[in-house]
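# Structure assessment
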Amino acid sequence: MSLNYMTPAFIIERDKDRCIDCQVCVRQCANEAHKWDEEEQKVYSEDANCVNCHRCVVMCPTRALSVRRFPLEFRYNANWTPETIRAIYLQAETGGVLLTGMGNDRPYPIYWDHMLLNASQVTNPSIDPLREPMELKTYLGRKPDFLKIKNGKLLEDIPPQLELDVPIMFSAMSFGSISLNAHKSLAAAAQQVGTYWNTGEGGLHRDLVQYGDHTIVQVASGRFGINPDYLKAGAAIEIKIGQGAKPGIGGHLPGEKVGEEVSKTRMIPLGTDALSPAPHHDIYSIEDLRQLIYSLKEATEYQKPVFVKIAAVHNVAAIASGIVRAGADVVVIDGYRGGTGAAPLRTRDSVGIPIEFALAAVDTRLREEGIRNKASLVIGGSIRNSTDIVKAIALGADAVYIGTGALIALGCHLCQKCYTGKCNWGIATQDPQLYKRLNPEIGAERAANLLKAWAHEIEELLGGMGINALESLRGNRLMLRGIGLTDRELNILGIKAAGE
Amino acid sequence: MKRVYAREEYCVGCKLCEIHCIAAHSKYKNDLIKTFKKDTNPPVSRILVEENKPVSFALQCRHCDDAPCTKACIVGAMQKDPETGIVTNEEDRCVGCWTCILVCPYGAIQRDERGHKVASKCDLCSENGKVPACVEHCPNRALEYGEEPFYLAKGK
Amino acid sequence: MNYVIIGNSAAAIGAVEGIRQVDKTNPIVLISDEPYHTYSRPLISYYLAGKVAEDKMLYRKHDFYEKNKVTTMLGTKVVAVDTGNKEVVLENDEKVPYDKLLIATGSVPFIPPMAGLDKNNVFTFIKMDDIKAIKEVVMVGNKAVIIGAGLIGLKAAEGLTNLGVDVTVVELANRVLPAILDEDAAGIVQAHLEKQGIKFELNTSVEAITGSEKVEGVSLKNGKSYAADIVVVAVGVRPNTEIVKDSQIAVSRGIVINDYCQTSIDDVYAAGDVTEGYDIVYAQQRVLPILPNAYNQGETAGLNMAGKISIFNGGFAMNSIGFFGLPMITAGIIKSEDENYEVLVKSVPEQGYYKKIILKDNVVVGYIYLNKVDRAGIVTSLIKDKINVADFKEVLLKDGFGYIDLPQELRKSRLLRGGIA
Ligand SMILES: Cc1cc2nc3c(=O)[nH]c(=O)nc-3n(C[C@H](O)[C@H](O)[C@H](O)COP(=O)(O)OP(=O)(O)OC[C@H]3O[C@@H](n4cnc5c(N)ncnc54)[C@H](O)[C@@H]3O)c2cc1C
Ligand code: SF4
Ligand code: SF4
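Fair warning: this is a prediction, and the values are worked out from it, not measured in the lab.

Secondary structure assignment for chain C yields nine helices and 26 strands. Taken against the 2.2 N^0.38 rule, which gives 22 Å for 421 residues, the C-alpha radius of gyration of chain C at 22 Å falls within 12% of a compact globule. If you line up chain C on its principal axes, its C-alpha atoms span 65 × 60 × 40 Å. Restricting to contacts in chain C with at least 6 residues of sequence separation, those with at least 24 account for 61%. For chain C, the computed accessible surface area is about 17,100 Å², with 48% contributed by carbon and sulfur atoms. With 45 positive and 52 negative side-chain charges, chain C shows a spacing of 5 Å between the two charge centroids.

Here we come to the state of the cysteines. All names here are of chain B. In this structure the tally under the stated criterion is zero disulfides over all chains. Between Cys122, a free cysteine, and Cys61, which holds the nearest cysteine sulfur, the sulfur-to-sulfur gap is 5.7 Å. Of the residues examined, Cys122 reaches a relative accessible area of 9% and is grouped as buried.

A few words on the packing of aromatic side chains. Per the counting criterion, the structure on display carries eight aromatic pairs over all chains. Ring geometry for A:Tyr5 versus A:Tyr89: centroids 5.3 Å apart, planes at 80°, classification edge-to-face. Residue A:Tyr5 is found in the segment before β1 (10–14), and its partner A:Tyr89 is found in helix α3 (residues 82–94); the two are separated by 84 residues along the sequence. Relative to C:Tyr369, the ring of C:Tyr367 has its centre 5.0 Å away and its plane inclined at 65°; by these criteria the two rings are edge-to-face. Of the two residues examined, C:Tyr367 and C:Tyr369, each falls in the buried class. The ring of A:Trp425 has A:Arg55 sitting right over it, with the charged end atom 4.8 Å from the ring centre.

For the rest of this paragraph, the subject is the site of ligand 2. Surveying the vicinity of ligand 2 reveals 13 residues, the closest of which are A:Arg14, A:Cys19, A:Cys22, A:Cys25 and A:Cys60. Its residues placed into classes, the shell around ligand 2 shows nine nonpolar, two polar and two charged.

All names here are of chain C. An order of β13-β14-β15 is seen for the three strands of this open sheet, with the pairing classed as antiparallel. Bordering the open sheet on either side are β13 (206–211) and β15 (225–227), each of which pairs with just one other strand. Adjacent strand axes in the sheet meet at a mean angle of 20° when their direction is disregarded. As paired strands, β13 and strand β14 (residues 215–220) are joined by five bridges and run antiparallel to one another. Its bridge partner being in β14, Gly211 is matched across the sheet by Val215.

All names here are of chain C. In the vicinity of ligand 1 there are 32 residues, among which Ser9, Asp33, Arg41, Asp273 and Leu291 approach most closely. Within the contact set of ligand 1, an oxygen atom lies 2.6 Å away from a side-chain nitrogen or oxygen of Ser9. At a separation of 3.3 Å, an oxygen atom of ligand 1 approaches a polar backbone atom of Ala10. Coverage of ligand 1 by the protein amounts to 93% of the 980 Å² it exposes when considered alone. No other element matches the three residues that helix α7 (residues 291–305) contributes to the shell around ligand 1. Taken together, the residues of the shell around ligand 1 break down into 17 nonpolar, ten polar and five charged.

Attention now moves to the interface of chain B and chain A. Often the size quoted for an interface is simply the accessible area lost on bringing the parts together. Each partner contributes to the interface: chain B provides 27 residues, whereas chain A provides 24 residues. Together chain B and chain A conceal approximately 2,000 Å² of surface at their shared face, both sides included; 55% is due to carbon and sulfur atoms. For the chain B face of the interface with chain A, the top three residues by lost area are B:Val12, B:Ile33 and B:Arg141, together amounting to 27%. Counting every contact that joins chain B to chain A gives two salt bridges. The interface formed by chain B and chain A contains twelve residue pairs in polar contact (both at pLDDT 80 or more). Secondary structure elements with two or more residues in the side of chain B that touches chain A: α1 (16–24), α2 (32–37) and β3 (55–59) of chain B. Sort the elements by how many residues they give to the side of chain B that touches chain A and α2(B) lands first, with four residues.

With that out of the way, let us pick up the interface of chain B and chain C. Taken together, the 42 residues of chain B in the interface contact 47 residues of chain C. In total, chain B and chain C occlude about 3,500 Å² of area from one another, counting both sides; carbon and sulfur atoms represent 56% of this. Its largest share of buried area at the contact with chain C, chain B owes to B:Lys71, B:Leu102 and B:Tyr106, together 20% of the area lost on that side. At the junction of chain B with chain C, the criterion picks out seven salt bridges. A salt bridge links C:Glu299 to B:Lys71; the shortest N-O distance between them is 2.5 Å. The tally of links from chain B across to chain C stands at 21 residue pairs in polar contact (both at pLDDT 80 or more).

With that out of the way, let us pick up the sheet that holds strand β20 (residues 275–279) of chain C. Either a parallel or an antiparallel arrangement is found when strands of a sheet pair, and the pairing is made through backbone hydrogen bonds. As summarised here, the arrangement of the three strands in space is β18-β20-β21 (chain C), forming an open sheet in which the pairing is mixed. The two strands at the open ends of the sheet, each matched to only one other strand, are β18 (255–256) and β21 (284–286) of chain C.

All names here are of chain B. By domain assignment, chain B separates into domain 1 (1–60 + 127–156) and domain 2 (66–121). One C-alpha centre belongs to domain 1, the other to domain 2, and the line joining them spans 19 Å. The interface of domain 1 with domain 2 comprises nine residues on the first partner and 13 residues on the second. Carbon and sulfur atoms supply 52% of the area buried between domain 1 and domain 2, which totals about 880 Å² over both sides.

On to the arrangement of the chains, then. Between chains B and C lies the most contact-rich interface of the two pairs of chains that touch. As for chain C relative to chain A, no contact occurs, and the smallest C-alpha gap between them is 15 Å.

With that settled, consider the domain arrangement of chain C. All names here are of chain C. Taken domain by domain, chain C consists of domain 1 (3–108 + 238–305), domain 2 (122–235) and domain 3 (328–416). Computed from C-alpha atoms alone, the centre-to-centre distance between domain 2 and domain 3 is 32 Å. Counting from both sides, the interface comprises twelve residues of domain 2 and, opposite them, eleven residues of domain 3. Summing both partners gives a buried area of about 840 Å² for domain 2 against domain 3, and 70% of it is carried by carbon and sulfur.

This brings us to unusual backbone geometry. Residues other than glycine predominantly adopt negative phi, and peptide bonds predominantly adopt the trans conformation. The omega torsion of the bond from B:Lys53 to B:Pro54 falls at 5°, within 30 degrees of zero and hence cis. Secondary-structure assignment places B:Pro54 in the loop between β2 (48–52) and β3. Not every positive phi belongs to a glycine, and C:Leu177 is a case in point at roughly 45°. With respect to the secondary-structure elements, C:Leu177 resides in the loop between β11 (166–170) and α6 (183–195). Residue classification places C:Leu177 among the buried positions, given a relative accessible area of 1%. A positive phi angle, close to 55°, is found at C:Ala283, a residue other than glycine.

Topologically, A:Thr265 is positioned in helix α6 (residues 260–266). Not counting residues up to four positions away in its chain, the partners in contact with A:Thr265 are A:Phe175, A:Gly202, A:Gly203, A:Leu204, A:His205 and A:Gly225.

So, about the nonpolar core. Here is a general trend for soluble globular proteins: nonpolar side chains tend to be buried in one another's company. Grouped together as the largest cluster of nonpolar side chains are 173 residues, with contacts concentrated most on C:Val81, C:Val88, C:Ile103, C:Leu160, C:Tyr367, C:Phe392 and C:Leu396. Here this core takes seven residues from helix α1 (residues 10–22) of chain C, the largest share from any one element. Residues A:Met115, A:Leu204, A:Val262 and A:Trp454 belong to the second largest nonpolar core, which totals 109 residues.

Residue and element names in this part refer to chain A. Enumeration according to the criterion identifies 65 salt bridges over all chains in this entry. Two residues, Lys137 and Glu163, come together in a salt bridge whose shortest N-O distance is 2.5 Å. Of this pair, Lys137 sits in the loop between β6 (115–117) and β7 (138–140) while Glu163 sits in strand β10 (residues 162–164), placing them 26 residues apart in sequence. If you follow the salt bridges from partner to partner, you end up with Asp363, Arg367, Arg372, Asp398, Glu471, Arg474 and Arg477 in one network.

With that settled, consider the packing of helix α7 (residues 286–299) of chain A against helix α8 (residues 316–325) of chain A. Residues and elements named next belong to chain A. Contact geometry of α7 with α8 gives a least axis separation of 9 Å together with a crossing angle of 45°. Taken together, α7 and α8 sit at an angle that is classed as oblique. Considering the relative orientation of α7 and α8, their crossing is right-handed. Residues Ile286, Leu289, Arg290 and Ile293 of α7 touch α8, and the partners they reach there are Ile319, Gly322, Ile323 and Arg325.

Rules used in this analysis
- Residue numbers run consecutively from 1 along every chain, following the written order of its sequence.
- Lettering for chains starts from A, numbering for ligands starts from 1, and both go in the order in which the items are written.
- Given that the model is predicted, a residue must reach a pLDDT of at least 70 before its local features are reported, and side-chain atom pairs must reach 80 or more before they are shown or counted; all residues, however, enter totals for whole chains, interfaces and linings.
- Values shown for side chains rest on all heavy atoms present in the structure; no hydrogens or waters enter the calculation.
- Secondary structure counts use DSSP, requiring at least four H or I residues in a row for a helix and at least two E residues in a row for a strand, with both numbered from the N terminus.
- The reference for a compact globule is 2.2 Å times residues^0.38; the radius of gyration itself is calculated from the C-alpha atoms.
- Should any heavy atoms of two residues lie within 4.5 Å, those residues are counted as being in contact.
- In short, Shrake-Rupley with a 1.4 Å probe defines the accessible areas, and a residue's cover is counted only from the protein chains shown.
- By the counting scheme adopted, Arg and Lys are positive, Glu and Asp are negative, and His together with the chain ends is not counted.
- Think of each charge as sitting on NZ of Lys, CZ of Arg, CG of Asp or CD of Glu.
- The disulfide definition used here is simple: a pair of cysteine sulfur atoms within 2.5 Å.
- For every residue, the accessible area obtained with a 1.4 Å probe (protein chains only) is divided by the maximum for its type, and the residue is called buried under 20%, exposed over 50%, and partly exposed between those limits.
- Only Phe, Tyr and Trp rings take part, Trp by its six-membered ring, and two of them pair if their centres are within 6.5 Å. Stacked means planes under 30 degrees apart, edge-to-face means over 60, and tilted covers everything else.
- In this scheme, the term charge over a ring applies when either NZ of a lysine or CZ of an arginine sits within 6 Å of the ring centre and within 35 degrees of the ring normal.
- A single heavy atom is enough: if one lies within 4 Å of a molecule or strand, its residue is considered near that molecule or strand.
- Amino acids are sorted into nonpolar (Ala, Val, Leu, Ile, Met, Phe, Trp, Tyr, Cys and Pro), charged (Asp, Glu, Lys and Arg) and polar (every other residue, Gly among them).
- Pairs of strands are assigned from DSSP output, requiring at least two bridges between the strands.
- Axes here refer to lines fitted to C-alpha atoms; in helices the fit is confined to the stretch in contact. Angles between the N-to-C directions go from 0 to 180 degrees.
- We call two N or O atoms a polar contact when they sit within 3.5 Å, provided that within protein one can donate a hydrogen and the other can accept it, with sequence-adjacent residues counted only if both atoms are side-chain atoms.
- Here's the idea: put two parts together, see how much 1.4 Å probe accessible area each one loses, and the total over both is what we call buried area.
- Salt bridge, as applied in this entry: a Lys or Arg side-chain nitrogen positioned within 4 Å of an Asp or Glu carboxyl oxygen.
- These domain boundaries are the output of an automatic or database domain assignment.
- Think of a nonpolar core as a cluster: buried Ala, Val, Leu, Ile, Met, Phe, Trp, Tyr and Cys residues, connected wherever their side-chain atoms sit within 4.5 Å.
- Roughly parallel covers angles under 35 degrees, roughly antiparallel covers those over 145, roughly perpendicular covers 65 to 115, and oblique covers all other angles.
- When the near helix sits turned anticlockwise from the far one by under a right angle, the crossing is termed left-handed; a clockwise turn instead gives a right-handed crossing.

And the structure:
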């Protein structure tokens, strides 16, 4: 043994005047940060184990607890920050890659917060959504170049479309990375609100087949759980090329998380690691991608729109253009703040570009090329509230995906420990002791409430702009003004500065 | 009648039900801090969380239609209210002979030996006239209060 | 319709409540030779020890008869039942006609023949009046000999000890509580009682009660003798079938009843200690002089008398009792009778802790719990429902055995059925 240099990251504060030694905290902390001293007959803390997930704080019936950053300070150094130093201690000890969960938490600029929305005054009246109808309905899918109509009827069939009552979907999170109860919550909420949830790359559990009409089934490089029934079970198919949190990197679900249900659903042996290769081994070009898109369409008789999801990287606009030309019905772009169940810390924090730029660049490029109608554009990667959505739509998105936001609605407290499998909130875990903490009835209610609340807010914001249908805002960048942005940034975003 | 039904798939084993049951029946009604800090002799919990990880669930008196405890009680203290169906023990008269414990098929009766020995059991918080404290404070809806089990009601 | 009930204890009260669940109006006449409002018989030892006041002995509230429209004839003794004329004959030769009759006359003490039974201060211990008589004479520092170490004898021993009486118990069997405990458990209980100052003479019986007018002592068959101011005869009870001996009603050891608690004669029902009903553990007719059985049979009889067909498909021996703070619960068969029985035991004598479970063909048929008696009823219900425990046998003895230890399906079916115990 040698000395461990790691010091606690957090300190648990227990108000002894309020603590009744009921041990709820002891029973609830899967990290064993609270313990019971049999001899003293009281609870005590093991600060080093605390990940600051707030489970105990929220469950404590007397509100006796709070958690703070551990007060220990290093000598001030603007360059060698405590995080940097700790990371070195850890790696010096383990020799391993630093892992993390959830999205990039570095203090990069958040461009949504540098864009402001317009509102009507005098010349065009605003609309009160409580009195007047408001339309948020969105159709995702390839739109024809023009409509041929004869005798008041469409002459040609419209390609398959997904109909969304709200422009928000739940993004791909696999069964394996998150629990079945989390999937059940999201699936039921999607059905209730009239939108879609996404299986992620882990297949579709048999209990969820009933939500098929509101399900997007994903096909990723590991091809887990994929067969014709699976493809047909959903309303759409999404090919996952990349993910914002870890562009260029595959997935790795450790064998411990591959229990009986996960193994059945993924169609892999019990307890084996589920490795998703970094690339699809059959895709090395846009032409290869086109083959996969069309084989999926063929398998589903051209009834389902096919999505292609990529991470926002430097060349995103050109890649998106290729994807549309390859025949995708929907292009999905995941920004660098997108969440993950597990990613190498250094990749998560330094690879990729902001979704705001990627979205503006892709929308602009597709318009310039005259192919914007050939595919819908969905973005994700840290949509935090309804204004982010309104801004995204004004920038050119058709709809958004939310992942982290949805999990927060289910109880996630962003402790970033998803990769440990010990999620105290029953979300990112396959431990039966933990996943039962998420009652899918409650989860579905909360996730649905979030979507409804955001939909109301979107209606309010639209009404304020004098717009009564979301369709009229799409790509309407005149509704946006930048604040605190350089000319270059404004230029990329394609918006004017506030005051212009 | 309305009963409390446990749903073991969502019981998180926190035992908040037990804690709130104790407080609801203590002399510092529902005040947790006072109940546990000032009541030197707090009541026993009338609800019991059974656990064998990962399974856990809470169990209390089922207020049986044909309550064996009321029939076996040697002093006539255990009675089922003909109107509400709630089975309660008249603790004044109970002598703590534990015949009810002998016959309760659920093991739902506790020995309360703080003072004069009495059989202590769930009264569905009938004094409060509202949702039982355990149900009210269950953080995960693992306890439901209703005419029939949730499963049956929803046809699951 | 006119209901007549003979008796005023658990079985009789059960019958009143059974009848009134169905028939709220027709008259009920309740006749009892004891002059008291219905009281809890098991409480008499508490009453003796002064632990329960007389007014807290009531088995049902003061307004019970009034609320249930029962006409009582308390202090009235029945001497015969005339099933031909459908009437009961009272001591004073008056007759009470019935349409439906319940006989719930309970038990009477069994008094083995021995010399000196006629002396003053020889008591039995099953009625309020027995206690009142003892209370009249007992004094601190008295010596008492109790004949019989069964439930009643030991309850009497406890009550008298609490009054400062020096108690010796004489028992023919090799152990205390022979009907409900095996040797090991009995040893623990005996040691506990001895700590309280009670002395035991086992494997012997009383030859004679000595003294002139009043008791002065007892001489035992083993040659020993004890001085005594009081003697309590408590060797057991037998069905009180006196009033039917000249009738057509079939009697074996007790009045024979079927699942509906009917006797062999139409419109005549019987319930409680006086009967011989079906024992589901032994699968034969047996006398079961315990209160839960009396109430259940009484209630069943009452329901049937009032026209609601109802079945009591049998009881079995079960007792919960405690002495000086040592509780015990036992039920069914407590000693293996042959090689067909499987016995599970856990014993920590220093802590007065003992658990024994007896199985036959993977079904629990009896158990003994000493000290840690919590949740014993779960096991009782396994006996009653004849649950096959093959899959969870090994957890039966576990501390805190509970629903968590039952297979999920069994657990859920029981918990979800809610009120239907
Ligand atoms: C000291 C003691 C402790 C006990 N402890 C327990 C215990 O802990 N648990 C348990 O389960 N059981 C216990 N028992 C047994 C229990 O009391 C009996 O099983 C129960 O009382 C039987 O009820 P019953 O209605 O059949 O008869 P009883 O209680 O014997 O009542 C018979 C009734 O019939 C009346 N009667 C009898 N003859 C006539 C007649 N000729 N005319 C008119 N009326 C008549 C009597 O007045 C009485 O009201 C105990 C008994 C005693 C004595
Ligand atoms: S949950 Fe709260 S009150 Fe209970 S032991 Fe923990 S800190 Fe104390
Ligand atoms: S205490 Fe037991 S026997 Fe009595 S009503 Fe409740 S569950 Fe039934």
